[in-house]
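Architecture and fold: a report
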6 protein chains.
Amino acid sequence: MTSERPYYQPVGNEERVFKAAYAQQLPVLLKGPTGCGKTRFVEAMAHDLGRPLITVACHDDLTTADLVGRYLLRGGDTEWVDGPLTRAVRTGAICYLDEVVEARQDTTVVLHPLADHRRELPIERLGETLTAAPGFCLVVSYNPGYQSVLKDLKDSTRQRMVGIEFDYPSEEVEIGIVTAESGTSRQVAADLVRFAQAIRRLDVPGIREVSSTRVLIAAARLTEAGLPLPEAAQAAIVAPLTDDRAVGARLAELLALYLPD
Amino acid sequence: MTSERPYYQPVGNEERVFKAAYAQQLPVLLKGPTGCGKTRFVEAMAHDLGRPLITVACHDDLTTADLVGRYLLRGGDTEWVDGPLTRAVRTGAICYLDEVVEARQDTTVVLHPLADHRRELPIERLGETLTAAPGFCLVVSYNPGYQSVLKDLKDSTRQRMVGIEFDYPSEEVEIGIVTAESGTSRQVAADLVRFAQAIRRLDVPGIREVSSTRVLIAAARLTEAGLPLPEAAQAAIVAPLTDDRAVGARLAELLALYLPD
Amino acid sequence: MTSERPYYQPVGNEERVFKAAYAQQLPVLLKGPTGCGKTRFVEAMAHDLGRPLITVACHDDLTTADLVGRYLLRGGDTEWVDGPLTRAVRTGAICYLDEVVEARQDTTVVLHPLADHRRELPIERLGETLTAAPGFCLVVSYNPGYQSVLKDLKDSTRQRMVGIEFDYPSEEVEIGIVTAESGTSRQVAADLVRFAQAIRRLDVPGIREVSSTRVLIAAARLTEAGLPLPEAAQAAIVAPLTDDRAVGARLAELLALYLPD
Amino acid sequence: MTSERPYYQPVGNEERVFKAAYAQQLPVLLKGPTGCGKTRFVEAMAHDLGRPLITVACHDDLTTADLVGRYLLRGGDTEWVDGPLTRAVRTGAICYLDEVVEARQDTTVVLHPLADHRRELPIERLGETLTAAPGFCLVVSYNPGYQSVLKDLKDSTRQRMVGIEFDYPSEEVEIGIVTAESGTSRQVAADLVRFAQAIRRLDVPGIREVSSTRVLIAAARLTEAGLPLPEAAQAAIVAPLTDDRAVGARLAELLALYLPD
Amino acid sequence: MTSERPYYQPVGNEERVFKAAYAQQLPVLLKGPTGCGKTRFVEAMAHDLGRPLITVACHDDLTTADLVGRYLLRGGDTEWVDGPLTRAVRTGAICYLDEVVEARQDTTVVLHPLADHRRELPIERLGETLTAAPGFCLVVSYNPGYQSVLKDLKDSTRQRMVGIEFDYPSEEVEIGIVTAESGTSRQVAADLVRFAQAIRRLDVPGIREVSSTRVLIAAARLTEAGLPLPEAAQAAIVAPLTDDRAVGARLAELLALYLPD
Amino acid sequence: MTSERPYYQPVGNEERVFKAAYAQQLPVLLKGPTGCGKTRFVEAMAHDLGRPLITVACHDDLTTADLVGRYLLRGGDTEWVDGPLTRAVRTGAICYLDEVVEARQDTTVVLHPLADHRRELPIERLGETLTAAPGFCLVVSYNPGYQSVLKDLKDSTRQRMVGIEFDYPSEEVEIGIVTAESGTSRQVAADLVRFAQAIRRLDVPGIREVSSTRVLIAAARLTEAGLPLPEAAQAAIVAPLTDDRAVGARLAELLALYLPD
């Protein structure tokens, strides 16, 4: 638990919904594009509610055992070691599963008894069922833009959760965030935000994702390290966005227009 | 075994069929959409019949060993540890395999000798065959809406079981359930049920599942935590239902119509 | 080996063929739909021939080691434990591999030297080759209706075996079986058999399998537990048969016609 | 090594080619349909050449370690145990890999240095390379009818071997084999061979393989156990051949024609 | 850390961008074709910044444990051994993941908390979260020409990084590099560079990649070992480039034109 | 290291290129069809250069650990055992990876730091990086005719190597090889070579590979063991070449024409 509140700027009713869900012991589902501040939001909520935060970055090979725990061999004996979910359940922490659709389905199914009225975690390998400590709260996030037939959250999982949708902040809010996070001037932040908005308005194939607030902060920080603004924007905003040469050329034109040398 | 009967409101002959199957030592197959109360129903039946309940949430990686048991290394020696199915067989419990079609086929095939006149569980790794204790009853559930060519219950499994079909409760029953489970007023419950019925009547692609009683209870609970009703319904009912923007817009119109600010 | 002959009603020359194959030490292949009595038949043959019966339910993850045996760690040492096939080979039992096409091909190939003139089981991990005890007999079964390009018995396996084909019994025989197995009246049994025959005559897509004798017995037993006949037939016969709504409606009409309230 | 020569009736120059390849230390590739006597042929050659025979039935899960050997845990220590190929290499035995195309490609590639001028078996896990004892001879077999894009012998493997092609024996030879192997009369054997020839002349889809000499012997043996000839032919020849109803009907007509009651 | 600066010739602003990113503790993404000097560049940067360099060549089977660490059995006890990423995090080294798109997604997802404001490496199996030492810098590279739907870097990974794009150097720079690295004469280096440029201008299917500076250096070194220039160019430049006969012929013509005997 | 030079007949500049690459410490890539003498060539080079030769036959299941080494359990402790590549790196041997495209990509990627200016082998599991001893030389081979989208050598691997292309030898050279290797007469050798050339000129689908020098030597050796020339050519040349009946008939005609009884 951090002693200072992490910087988080609300953009809608997300704090109110989160706190109501927490009060009712309902799990929360965060939906939104990459880099829009979901991780920071959960850090701020954990701080406000005075609960420890345990974060798990989900991926294809995350097994139930990685979440729940496993036996390890110690001194010729097997010894049980709790996984992060089990630690959260025992200590009443907020457990945040980032990009949960990346996880294998067994990982999401193991959440079901925790996510409904039971609030229980059956640990088959211990032959034991834990009841979650009062402060425990399950939070999962995913990016709907990545959804596919293969990687999707099952309805039986979704319908156990309260959903909060995130989007890019308004211009004013975003300029404030970039300034606060990078230490750059308001002018540079505003130039970067307008360049990002131009990219977000683009409708070209070859860009699946657009520039997030995070990359604007990175560009601003590169200028703080002495890089000229166009070079910083090229490196932090344009280069990571695409490998397509045609799209790259289009972005270079926009760059020259919005952030001339 | 809980000392108080879990809240369960019957909607048809499901209690009568379950108890007849139990009396005849026949396994039971529960079919129905997510959130319609299958888990609660099994909890209530276990209470009425005075049997312990062992629940297993099935998934892609659930192996036969997870159900039946395995050898663990303890003090340099391997020691057998029963799985949940074996514990149920030995102690005469009700064993509930939730979302059984998610399990690998070896998991379902291992149920065959338990599910017919033999009522036996062969444990190959012990070289032993257990006969189920008298009170043992196998219950499996699945959601027919999820069926696919890849994930289906084999006929040789289905034909060993007595089937019970679940559907959404009638308006009156559902209002009663929402009120009882959330502590909200009858008026709020009725408004939520009518909004859910409107969604259930929708015929749009992009929604595979419709709003269950469970999400209505969640919305009602959010209002109990102080959230305005439209925000609560948006978070608990609309947001988890779809990622499709067009469908989301349609649902927002319905929300404004049924639950105006 | 059971002391009383299991109830089995012959429907053709299946007992004669089985006993001739046994006398000539030839393996046997049972073909037929689910629930037509293959398991009971093998139990009756084992009883008549005075041999113990070892049954293995085959599935996708059944490995050769599961059949033949494996080393287990005991007291810091590895100790060999025979699998069910090896136990049958050593003791001269009948080894019944149920739904053999579900097994991986290595499982069926390991049967080859056992299934021809050699009657040998090479156990590579022991560096040993067992010769089958005289009474040993290999019996496998499968359901030809499930055959697919992916799951099929290799010709080199099939041509090592004597085949016996099973089908549904005649009306008279089936009424006798239902009565004997459920304790119901002849009238109820006859009504159920005629309802099943109507279903078997149906030619609708969406039903891959039709009602077996097993489900008729289950329905009869539910009536013995006090359920009205139409409810019993709905639960035991109709509900397990299909998830298709149109097919379900068609079956409900048939049910109302053959088993009116 | 058996003390009596196994019954084998040559049908061409196969014995001459095998013995020339053996004299020149060249590996041998046997090609032919199932049940045509490849296994018996290798048994006879091993007997004639006075070499022990080690047979391995290949399958999808046969690993290099299964052939070459592995470390096993014994008394807390790992101990190397030779696999069947290594035993054959050390002792100068004939090593027969039956249905070699079923094996994984690593299994066949490990044969390369053994199958060319090097006659060496590198055992990576021992850090050792064995030179084959003089009598060692590698023999592999497969059924060209099963070949597919996925399961094929690599040219670099094939071109290291001398090939021998097998086919069904002539009528006279086949009648002799059936009589000798089953103890039946010449008349019954001749009737069975003519029925088999009729099946082999059939050109219908749904039969991938035709009746081998092996199934004729099985039918003859069933008659020796007292089964009438048509029932024996149905069980041993027709039933294993197909699951297709139309093909089954066609075969039943042929059976009635060639082997009338 | 090498005591002498590795030979690296800058071609754009890549050194400036890298050092700004390093100063701001932002991770770096290097994009460019094979053999254009990415590895050398990272070696030079590590030297200039006075940080140790830990390189990991990524591949399909690289697991999170390979990067982060694992328990090994030592003297009957399990002992934790840090992986290369963990060593870099603890010691403040530059960690270079070469060809990162080859790695499995779990490998890239584990980088997320390291690659944003958190700079943390959660080690689930230790139940511990490391904060990166100040000098730690994550660098990944990939070749955009190899991108495919299956192998691509997720946007949520890319948008955490500052991108630097590499391309072939100018003629003058490349001649300098070939001379310096091979010890050949300026004339031979110039002939080789012009031959490579002709290949790079070719627009034929069958060549996915063109000749890199690396292969020119190899050709020059073969001439230093006494091979005639055309033979050296054939062996080091043409032969590795294609297996297509038509393309090979086209390259042979070019070779005869640019590097006549 | 053999004391006598293995028989190898050069067909082009392959010895000169190999020795130049060796002198410059550049790895070598041998391309050519099966049976054209690549293995012999490497044996001869190892002899000429006075280096030990370590050969690894690559396959689908060859892991990095198989090449580099692994921990084995010895006396309750894990002990590191070098793999063949590590042994070659430490002792300065020639390491020959035969049919390298068969290996998994992790196997080829692990070669990268060994194959460029670094000449290093990082052993992650030891936390150690070896520098190759001076005499170390990496040689890989593959058959371009087998290339496919799935199995191909990555450009980043290829461009680290000097390529040598092999083809069938000229008639005179091939007759000399067959005579020398089999002990047959020049006349028989010449007849076999001409038959092989006729096959190599064939342009029929169903033959992916044509007859190599190796199969001519095998045929000649079978005649030395007393088999008539046409039977020997049928067994050693025709039978391994195809399973296609039409192609087999075409080859039989050629055989009758070139090698009449």
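Only a predicted model underlies this, so the values are computations on that prediction, with no experimental measurement involved.

The helix and strand inventory of chain A stands at 12 helices and 9 strands. Along the three orthogonal principal directions, the C-alpha set of chain A runs to about 65 × 40 × 35 Å. The proportion of buried residues among the 261 residues of chain A is 60%. Total accessible area on chain A is roughly 9700 Å²; 51% of this is exposed by carbon and sulfur atoms. Of the side chains in chain A, 28 bear a positive and 36 a negative charge, and the two mean positions are spaced by 3 Å.

Moving on to the interface of chain C and chain B. Where the parts come together, the accessible area they lose is often given as the size of the interface. Contacts between chain C and chain B engage 44 residues on the former and 42 residues on the latter. Around 3700 Å² of area is buried between chain C and chain B when both sides are counted, 46% of it from carbon and sulfur atoms. For the chain C face of the interface with chain B, the top three residues by lost area are Arg-221, Pro-240 and Asp-243 of chain C, together amounting to 15%. Joining chain C to chain B, the criterion identifies 3 salt bridges. Glu-231 of chain C is the partner of Arg-16 of chain B in a salt bridge, and the nearest nitrogen-oxygen pair spans 2.6 Å.

Residues and elements named next belong to chain A. Each assigned domain of chain A is listed with its residue range as follows: domain 1 (14-165) and domain 2 (171-258). Taken together, the 6 residues of domain 1 in the interface contact 5 residues of domain 2. Taking both partners together, domain 1 and domain 2 bury about 460 Å²; carbon and sulfur atoms supply 35% of that area. At the junction of domain 1 and domain 2, the tally comes to 1 salt bridge.

The next point concerns the relation of the copies chain C and chain B. Superposing chain C onto chain B takes a rotation of 60° plus a shift of 0.2 Å along the axis, which leaves an RMSD of 0.1 Å. Both copies of the chain, as the preceding transformation shows, are related through a six-fold rotation axis. The two copies present different faces, since only 5% of the interface residues in chain C are matched by interface residues at the equivalent positions in chain B.

Our focus in this paragraph is the pattern of salt bridges. Where side chains of opposite charge bring their charged atoms close, a pairing between them can arise. Inspection of the entire model under this criterion finds 88 salt bridges over all chains. Here the residues in one salt-bridge network are Arg-5, Glu-15, Lys-19 and Asp-48 of chain A, joined through shared partners.

In this section: the arrangement of the chains. Taking C-alpha atoms as the reference, chain A and chain D come no closer than 11 Å and do not contact one another. Of all C-alpha pairs spanning chain B and chain D, none lies closer than 10 Å, and the two are not in contact.

Another point: the confidence of the model for chain A. Averaged over chain A, the pLDDT score is 87; the fraction of residues at 70 or greater is 92%. Here the predicted complex scores 0.75 on pTM and 0.85 on ipTM.

Within helix H4 (residues 84-91) of chain A, burial applies to Pro-84, Leu-85, Thr-86, Ala-88 and Val-89 of chain A. In the segment just after H4 of chain A, Gly-92 of chain A is the residue with positive phi, at about 70°.

Looking now at the interface of chain A and chain E. Contact with chain A, which involves 44 residues of that partner, is made by 42 residues of chain E. Summed over both sides, the interface of chain A with chain E buries roughly 3700 Å², with 47% coming from carbon and sulfur. Contact with chain E buries area across many residues of chain A, yet Arg-221, Pro-240 and Asp-243 of chain A alone supply 15% of it, more than any other trio. Where chain A touches chain E, the interface holds 3 salt bridges. Put simply, chain A and chain E have 14 residue pairs in polar contact (both at pLDDT 80 or more) between them. Taken together, the elements giving at least two residues each to the side of chain A that touches chain E come down to helix H2 (38-49), strand S2 (53-57), strand S3 (69-74), H4, helix H10 (213-224) and helix H11 (229-238) of chain A. Examining the composition of the side of chain A that touches chain E, we find that 6 residues originate from one element, H10 of chain A, more than from any other. Its residues placed into classes, the side of chain A that touches chain E shows 18 nonpolar, 10 polar and 16 charged.

Here we come to the packing of aromatic side chains. The full count for this structure, using the stated rule, is 24 aromatic pairs over all chains. Aromatic pair Phe-18 of chain B and Phe-41 of chain B: ring centres 5.6 Å apart, planes at 90°, arrangement edge-to-face. Residue Phe-18 of chain B is found in helix H1 (residues 14-23), and its partner Phe-41 of chain B is found in helix H2 (residues 38-49); the two are separated by 23 residues along the sequence. Residues Phe-18 of chain B and Phe-41 of chain B agree in their burial class; the two are buried. Through pairs of rings, three or more aromatic residues link up here, namely Tyr-8, Phe-18, Phe-41 and Phe-166 of chain A.

Residues and elements named next belong to chain D. The sheet built from 5 strands is open, its strands ordered S2-S5-S8-S1-S9 with parallel pairing. The open sheet has two edge strands with one neighbour each: strand S2 (53-57) and strand S9 (162-165). On average, each strand axis in the sheet is inclined to that of its neighbour by 20°, with strand direction left out of account. When strand S1 (residues 28-31) meets strand S8 (residues 137-142), the two strands line up parallel, connected through 4 bridges.

Here the focus is helix H8 (residues 171-182) of chain E. Residue and element names in this part refer to chain E. Here H8 is 12 residues long and its end C-alpha atoms lie 16 Å apart, about the 16 Å a rise of 1.5 Å per residue gives. Restricting attention to buried positions, one finds in H8 the residues Val-173, Glu-174, Ile-175, Ile-177, Val-178 and Ser-182. Elements in contact with the buried residues of H8: helix H9 (186-201) and helix H10 (213-224). At the C-terminal side of H8, Gly-183 shows a positive phi close to 80°.

Before going further, it helps to examine the environment of Ala-220 of chain D. If you trace the backbone, Ala-220 of chain D turns up in helix H10 (residues 213-224). When near neighbours in sequence (up to four residues on either side) are disregarded, Ala-220 of chain D contacts Val-178, Ser-182, Thr-184 and Leu-192 of chain D.

So, about the relation of the copies chain A and chain E. By a simple turn and slide, chain A fits onto chain E: the slide is 0.0 Å along the axis, the RMSD is 0.1 Å, and the turn is 60°. Take the interface residues of chain A: only 5% of them recur as interface residues in chain E, which is what a contact between different surfaces looks like.

A word on the side chain of Lys-31 of chain E. Here Lys-31 of chain E lies in strand S1 (residues 28-31). Within the structure, the side chain of Lys-31 of chain E is placed 2.9 Å from the backbone oxygen of Ala-239 of chain A, a separation counted as a polar contact. Apart from the residues within four sequence positions on either side, Lys-31 of chain E is in contact with Ala-239, Thr-242 and Asp-243 of chain A together with Lys-38, Tyr-142, Pro-144, Arg-158, Ile-164, Glu-165 and Phe-166 of chain E.

Before going further, it helps to examine the sheet that holds strand S5 (residues 94-98) of chain F. All names here are of chain F. Spatially, the 5 strands line up as an open sheet ordered S2-S5-S8-S1-S9, and their pairing is parallel. A strand with exactly one partner marks an edge of an open sheet, and here the two such strands are strand S2 (53-57) and strand S9 (162-165). On average, each strand axis in the sheet is tilted by 20° relative to the strand beside it, whichever way the strands run. Taken together, the 4 bridges between strand S1 (residues 28-31) and S9 define a ladder with parallel strand orientation.

Although it is not a glycine, Arg-119 of chain A sits at a positive phi angle of roughly 50°. Note on placement: Arg-119 of chain A falls in the loop between helix H6 (112-115) and strand S6 (120-123). The class for Arg-119 of chain A is buried, based on a relative accessible area of 10%. One non-glycine residue, Glu-99 of chain E, adopts positive backbone phi at about 55°. Topologically, Glu-99 of chain E is positioned in the loop between strand S5 (94-98) and helix H5 (105-109).

For the rest of this paragraph, the subject is the packing of helix H9 (residues 186-201) of chain F against helix H12 (residues 245-258) of chain F. Residue and element names in this part refer to chain F. Where H9 meets H12, the axes come as close as 10 Å, and the angle between the chain directions of the two elements is 145°. Here the hand of the crossing between H9 and H12 comes out right-handed. Between H9 and H12, the contacting residues are Arg-194, Phe-195, Ala-198, Ile-199 and Arg-201 on the first element and Leu-251, Leu-254, Leu-255 and Tyr-258 on the second. Here the contact of H9 with H12 is composed, by residue class, of 7 nonpolar, no polar and 2 charged.

Another aspect to go through is the packing of helix H9 (residues 186-201) of chain D against H10 of chain D. Residue and element names in this part refer to chain D. Packing of H9 against H10 leaves a shortest axis separation of 10 Å and a crossing angle of 140°. By the angle between their axes, H9 is oblique relative to H10. As H9 runs across H10, the sense of the crossing is right-handed. Between H9 and H10, the residues in contact are Val-188, Leu-192, Val-193, Ala-196 and Arg-200 and Thr-213, Leu-216, Ala-219, Ala-220 and Thr-223, respectively. Taken together, the residues of the contact of H9 with H10 sort by class into 7 nonpolar, 2 polar and 1 charged.

This part is about the side chain of Thr-34 of chain D. Here Thr-34 of chain D is to be found in the loop between S1 and helix H2 (38-49). A relative accessible area of 6% places Thr-34 of chain D in the buried class. Those residues within four positions of Thr-34 of chain D in sequence are excluded, and the remaining contacts are Asp-155, Ser-156, Gln-159 and Arg-160 of chain C together with Asn-143, Glu-209, Ser-212 and Arg-214 of chain D.

Parameters at a glance
Residues numbered from 1 in each chain as written. Chains lettered and ligands numbered in written order. Predicted model: local features only at pLDDT ≥ 70, side-chain atom pairs only at ≥ 80, totals over all residues. Heavy atoms only, no water. Helix = DSSP H or I, 4+ residues; strand = E, 2+ residues; numbered from the N terminus. Buried < 20%, exposed > 50% of the residue type's maximum accessible area, 1.4 Å probe, protein only. Areas by Shrake-Rupley, 256 points an atom, 1.4 Å probe, with all protein chains shown as cover. Lys, Arg positive; Asp, Glu negative; His and termini not counted. Charge placed at Lys NZ, Arg CZ, Asp CG, Glu CD. Contact = heavy atoms within 4.5 Å. Buried area = accessible area lost by both parts, 1.4 Å probe. Salt bridge = Lys/Arg side-chain N within 4 Å of Asp/Glu carboxyl O. Domains from an automatic or database assignment. Least-squares fit on C-alpha atoms with pLDDT ≥ 70 in both. pLDDT = per-residue confidence, 0-100. Polar contact = N/O pair within 3.5 Å; in protein donor to acceptor, adjacent residues only side chain to side chain. Nonpolar A, V, L, I, M, F, W, Y, C, P; charged D, E, K, R; others polar. Phe/Tyr/Trp six-rings, centres within 6.5 Å; stacked < 30°, edge-to-face > 60°. Pairing = 2+ DSSP bridges. Axes fitted to C-alpha atoms, helices over the stretch in contact; angles between N-to-C directions. Expected span 1.5 Å × (residues − 1). Left-handed = near helix turned anticlockwise from the far one by under 90°. Parallel < 35°, antiparallel > 145°, perpendicular 65-115°, else oblique.

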